Amino acid sequence: MNWNFFEISKSFLKDNKGNLLIDGKFGIEKESQRVTSTGDLALTDHPSVLGDKTENPRITVDFSESQIEMITPTFKSVDEVYNELNMINSEVENGIGDELLWPLSMPPKLPAEDEIPIANFSNSEHGKQMQIYRKGLALRYGKKMQMISGIHYNFSYGDELVEYLYNKFGKGMDKRIFIDEIHFGLTRNFLRYRWLLIYLFGASPYCHSTYHSVINKEIGIIKRCCHDCMDIIGNFNQYATSLRVSRFGYSNTLQHNYNIYFNSLEEYSTKIRMMLATENKKYSSMGIYENDTQIQLNGNILQKESEFYSSIRLKQSINKGETQLDALEKRGVRHVEVRILDLNPFEKLGLSIEQMNFLQIFMLYCLFEQSKQITNKEYEKINSNHHHVALYGRKDGLKLQKYDNSSIELTKWGEEIFERLKDISELIYKDTGDDKYLKSVSNEYEKLFNVSLLPSERIHREMKENNENFLEFGTRWAINNLDKTSS
């Protein structure tokens, strides 16, 4: 869209429409591993008291039988979403008996690869397809990588807000095209500035030794491709904010050859469909069947579109018989799914209401800011910033690459962004009198200059002060969070 931050914010200020900025619908998906009291992965079946995992819309499993997924409906406020997630979380805690919910994104103590239980589903055709897909993920990427968990934040802008923007800036465009364009624009900006969320909310600076095989494999790839990078990579444990979103976490290096820039729905659709239809020699050579049992859906680059990993997704409600891509092509974008959030062990639900308030402001910033088409050169810088902050975000004086070909310290760039985040929260405060958004922006701003406030640094500090290893730290907080829920 051909607009800029100041033009839009001036329009909201002039028309006294700041109240529209909090209009929307919100939902949360939370993944968490079931563990024993010693922090070992639970190898028990999904508790039957929690219902049929194929049919229950609130509580199901992700990749593994031990990996609980909690899903809220959508609500008109983040407070309602948080309260609903709290109720679902309590139901899960009551249903898993003596087991605990692992409070970290990086996996607990894992058994041998072949002992990690892939999720079992009903014997229906749908259930079979879900299980074969997961077998394919295990075959392609290994089970351990799939055991990483996180939080997905879903939101859609309110109809009144979209209508206001369309009337002000649509300039005779088809309304559906306009809505698609503003969502693709905000998505491009999310890619550009997501490094800030990784810095502020990254909470996976360590992992258990049973996950080291994944890291060692990736280091081997780096060593073969870039031997000079080894000195830098070797220090990641000292400064990491989020192993989960780094190249040591959930990623697919093969997909890096098929970059999706979210420049348009047509580009997105064309590239995804190409990956769905293109055979991959490596995956095909693994076989589709083994001993007459299907072990992956197909040998293509993607078995299905959800296999394409992205830190953000654009979505539409699905009708019977449709895929998500079908729905997007037919009816355009309806809501956005942010997939970059680590579980915060210091919050009983993995995130706080204040964090969700900040995310609301951040996504408005991504909407307001000018969003040109992403080029291949810019995309390389976007990914470089992402991985530098994930692995070295706590390093003093860390420099990032701005998209005008200059470099800048993380704190300096953060200050520039926070000026605009503050402007948005003030627009809301002016028209609603609600200062919670101002407070959330102010509290997160402090983290730019006080690393001790970062969840990644707090994990590092507590483990050191308590002389705890990763397993001891995670088990302690799993118990602490259970006590918080019970109180």
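Everything in this summary refers to the structure shown in the same document. (Residues numbered from 1 in each chain as written. Predicted model: local features only at pLDDT ≥ 70, side-chain atom pairs only at ≥ 80, totals over all residues. Heavy atoms only, no water.)

### Here we look at the nonpolar core
Piece 1. With 140 residues, the main nonpolar core has Phe12, Phe362, Met363 and Leu421 as its most contacted residues.
Piece 2. The element best represented in this core is helix H6 (residues 175–201), accounting for 15 residues.
Piece 3. Dropping the residues within four chain positions of it, Met363 is found in contact with Phe155, Tyr157, Leu186, Phe190, Ile312, Val336 and Val338. (Core = buried A, V, L, I, M, F, W, Y, C linked by side-chain atoms within 4.5 Å. Buried < 20%, exposed > 50% of the residue type's maximum accessible area, 1.4 Å probe, protein only. Helix = DSSP H or I, 4+ residues; strand = E, 2+ residues; numbered from the N terminus. Contact = heavy atoms within 4.5 Å.)

### Focus on the packing of H6 against helix H14 (residues 376–392)
Packed helix pairs are characterised by how far apart their axes lie and by the angle those axes make with each other.
Piece 1. It is the contact of H6 with H14, at a shortest axis distance of 8 Å, that shows an interaxial angle of 0°. Comparing their axes, H14 and H6 come out roughly parallel. Across the interface between the two elements, Leu191, Arg192, Arg194, Trp195, Ile198 and Tyr199 from H6 touch Glu378, Ile382, Asn383, Asn385, His386, Val389 and Ala390 from H14.
Piece 2. Residues that form the contact of H6 with H14 fall into these classes: seven nonpolar, three polar and three charged. (Axes fitted to C-alpha atoms, helices over the stretch in contact; angles between N-to-C directions. Parallel < 35°, antiparallel > 145°, perpendicular 65-115°, else oblique. Nonpolar A, V, L, I, M, F, W, Y, C, P; charged D, E, K, R; others polar.)

### Topic: the side chain of Ser371
Piece 1. Structurally, the position occupied by Ser371 is in the loop between helix H13 (353–368) and H14.
Piece 2. Taking relative accessible area as the criterion, Ser371 reaches 7% and is therefore assigned buried.
Piece 3. Looking at Ser371, its side chain comes within polar contact range of the side chain of Arg192, at 3.2 Å.
Piece 4. Apart from residues lying up to four places away in sequence, Ser371 is in contact with Gly185, Arg188, Asn189 and Arg192. (Polar contact = N/O pair within 3.5 Å; in protein donor to acceptor, adjacent residues only side chain to side chain.)

### Digging into helix H1 (residues 5–14)
Piece 1. For H1, every residue scored as buried is listed here: Phe5, Ile8, Ser9, Ser11 and Phe12. Across the axial projection of H1, the buried residues extend over an arc of 155°, all falling on one side. Seen from the open side of H1, the exposed residues pointing more than 90 degrees away from its buried face are Lys10 and Lys14.
Piece 2. Each element contacted by the buried residues of H1 is listed here: helix H5 (159–169), H13 and helix H15 (410–432).
Piece 3. Capping of H1 at its N-terminal end is provided by Asn4; its side-chain oxygen lies 3.1 Å from the backbone amide nitrogen of Phe6.
Piece 4. Of the residues flanking the end of H1, it is Asn16, one or two places downstream, whose phi is positive at about 55°. (Arc of directions from axis to C-beta.)

### Here's the deal with the side chain of Glu444
Piece 1. Assignment of secondary structure puts Glu444 in helix H16 (residues 436–446).
Piece 2. On the basis of relative accessible area, Glu444 is assigned to the buried category, the value being 3%.
Piece 3. Not counting the four nearest positions on each side in its chain, Glu444 is found in contact with Leu200, Phe201, Glu354, Phe358 and Phe418.

### Points about the pairing of strand E8 (residues 312–315)
Piece 1. In E8, alternate side chains face the same way, and those of Ile312 and Leu314 on one face and Arg313 and Lys315 on the other are all buried.
Piece 2. Pairing between E8 and strand E9 (residues 335–341): four bridges, direction antiparallel. Paired with Lys315 across the bridge in E9 is His335. (Pairing = 2+ DSSP bridges.)

### Points about the packing of H1 against H13
Piece 1. Here H1 crosses H13 at 115°, and the two axes come no closer than 8 Å. On the side of H1, the interface is formed by Phe5, Ile8 and Phe12, while H13 contributes Tyr365, Leu367 and Phe368.
Piece 2. Of the residues in the contact of H1 with H13, the class split is six nonpolar, no polar and no charged.

### Observations regarding unusual backbone geometry
Piece 1. In this structure, Lys171 takes a positive phi of about 50° despite not being glycine.
Piece 2. By relative accessible area, Lys171 is classed as exposed at 70%.

### Section: the pairing of strand E5 (residues 151–157)
Piece 1. When you tally the buried positions in E5, you get seven out of seven residues, the bulk of the element.
Piece 2. Where burial is concerned, the two faces of E5 agree: the one with Ile151, Tyr153, Phe155 and Tyr157 and the one with His152, Asn154 and Ser156 are both buried.
Piece 3. Taken together, the seven bridges between strand E1 (residues 24–35) and E5 define a ladder with antiparallel strand orientation. Bridge pairing links Phe26 to Phe155 in E5.
Piece 4. Sheet topology note: the E5/E9 ladder contains four bridges and is antiparallel. Within E9, the residue paired with Ile151 across the bridge is Leu341.

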